[in-house]
Amino acid sequence: MSEFMSSVQNVFFAHGWRITAGVQNVVSVLEKTERPLSSTEICTQLEESGRPIDLTTVYRILDRLVAIHLIHSLRGKFFRCAEPENKTDSHHFLICDNCGKAEEIFLDYFKSIEQQLHREKQFGLREVEMSFCGLCSECRKN
Ligand SMILES: [Zn+2]
Ligand SMILES: [Zn+2]
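Residues numbered from 1 in each chain as written. Chains lettered and ligands numbered in written order. Predicted model: local features only at pLDDT ≥ 70, side-chain atom pairs only at ≥ 80, totals over all residues.

1. Considerations on the overall build of the protein chain
This is how the line gets drawn: The numbering of helices and of strands both runs from the N terminus, where a helix is a DSSP run of H or I of at least 4 residues and a strand a run of E of at least 2. Residues are treated as contacting if the C-beta atoms built from their backbones sit within 7 Å of each other.
Along the protein chain, the regular secondary structure elements total 6 helices and 5 strands. Each of the three principal axes of the protein chain carries a C-alpha extent, and together these read 55 × 45 × 25 Å. Restricting the contact set of the protein chain to residue pairs at least 6 apart, pairs at least 24 apart contribute 46%.

Put into structure tokens, the structure is as follows:
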């Protein structure tokens, strides 16, 4: 079993949630993909590989995986988390404009932004959502 699947199993078990065939299938798509996928794309991939699933079920599974921080939601698409055990707010993604590949990076700036916003705007920061768009190293070669 993959590391990703066993993390899913552990957390689902801890919550008393069942690992259905649907969960296994959605997880198997997310662990292989190098590009963030929409719920519809996940549905289509499963249908094409002979494992049909309805979109509502995919939504429900994705909601759970996001809630337990094993996948990230990025601009309406979904991608597995590279370091679920990293509980900081420093998870961010480099997303390639050309091939759509995503790479997770960990940037530790939250404290400084929080302090600056508190000082200058008296704003209490909860989270920062940030994506970095550009070209990945492979696409820059071509
Ligand atoms: Zn992450
Ligand atoms: Zn690329």
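2. Observations regarding the confidence of the model for the protein chain
Inclusion rule: Confidence scores per residue from the predictor, reported as pLDDT, run from 0 to 100.
For the protein chain, per-residue confidence averages 92 on the pLDDT scale, and 100% of positions sit at 70 or higher. The secondary-structure element of the protein chain with the lowest mean pLDDT is strand β5 (residues 131–134), recorded at 85, while helix α3 (residues 39–48) shows the highest, at 97.

3. Overview of helix α2 (residues 21–32)
As a reminder, the rule being used: A helix's residues, less one, multiplied by 1.5 Å, set its expected span. Using C-beta atoms placed from the backbone, we call a residue buried if 20 or more other C-beta atoms fall within 10 Å of its own, exposed if 12 or fewer do, and partly exposed for counts in between.
The terminal C-alpha atoms of α2, which comprises 12 residues, lie 17 Å apart, in line with the 16 Å expected from a rise of 1.5 Å per residue. Turning to α2, its buried residues number three or more, namely Val-23, Asn-25, Val-26, Val-27, Val-29 and Leu-30. Those residues of α2 that are buried are in contact with α1 (3–15), α3, α4 (55–67), β1 (71–74) and β2 (77–80).

4. Observations regarding the sheet that holds β5
For the record, the criterion: If DSSP finds at least two bridges between two strands, the strands pair. Note on method: axes are straight lines fitted to C-alpha atoms, helices fitted across the in-contact stretch only, with angles between N-to-C directions ranging 0 to 180 degrees.
Strand order in this open sheet of 3 strands is β4-β3-β5, and the pairing throughout is mixed. Two strands in the sheet have a free side with no partner beyond their single neighbour: β4 (102–106) and β5. Across the sheet, the mean angle from the axis of one strand to that of its neighbour is 25°, orientation sign disregarded. One ladder, built from 5 bridges, connects strand β3 (residues 91–96) with β4; its direction is antiparallel. Residue pairing in the sheet places Leu-94 in a bridge with Glu-103 of β4.

5. Thoughts on the pairing of β3
In sequence, β3 turns back onto β4 through a hairpin of 5 residues, with Gly-100 there showing a positive phi of about 80°. Across 4 bridges, the pairing between β3 and β5 is parallel. Residue pairing for β5: Ile-95 is matched across the bridge by Cys-133.

6. Structural notes on the domain arrangement of the protein chain
Put simply, the rule reads: These domain limits were set by an automatic method or by a database of domain assignments. Gly is put with the polar residues, along with every residue not named as nonpolar or charged; the nonpolar set is Ala, Val, Leu, Ile, Met, Phe, Trp, Tyr, Cys and Pro, and the charged set is Asp, Glu, Lys and Arg.
On domain assignment, one finds that the protein chain holds domain 1 (3–80) and domain 2 (91–141). Here the C-alpha centroids of domain 1 and domain 2 sit 24 Å apart. For the side of domain 1 that touches domain 2, the per-class residue count stands at 3 nonpolar, 1 polar and 3 charged.

7. A few points about the packing of α2 against α3
Rules: Each angle is binned into one of four classes, with values under 35 degrees roughly parallel, values over 145 roughly antiparallel, values of 65 to 115 roughly perpendicular, and all other values oblique.
At a minimum axis distance of 10 Å, the contact between α2 and α3 shows a crossing angle of 105°. On the basis of their axis angle, the class for α2 and α3 is roughly perpendicular. Only Ile-42, Gln-45 and Leu-46 of α3 make contact with α2, whose side of the interface consists of Asn-25, Val-26 and Val-29. Its residues assigned to classes, the contact of α2 with α3 shows 4 nonpolar, 2 polar and no charged.

8. Points about the environment of Ser-73
Structurally, Ser-73 is set in strand β1. The class of Ser-73 is partly exposed, set by 14 C-beta atoms lying within 10 Å. Separated by 19 residues in the primary sequence, Ser-73 and Asp-54 place their C-alpha atoms 20 Å from one another. Excluding anything up to four places from it in sequence, Ser-73 contacts Val-66 and Phe-78.

9. Side note on the nonpolar core
What counts is decided by this rule: A set of buried residues drawn from Ala, Val, Leu, Ile, Met, Phe, Trp, Tyr and Cys, joined through C-beta atoms within 7 Å, is what defines a nonpolar core.
Among the nonpolar cores identified, the biggest contains 17 residues, and Val-26 and Leu-30 are the most heavily contacted of them. For this core, the elements supplying multiple residues, two or more each, are α2, α3, α4, β2 and β3. Considering each element in turn, this core owes the most residues, 5 residues, to α2. Residues lining this core come from more than one domain, with at least three contributed by each of domain 1 (3–80) and domain 2 (91–141). Those residues within four positions of Val-26 in sequence are excluded, and the remaining contacts are Ile-42, Val-58 and Ile-61.

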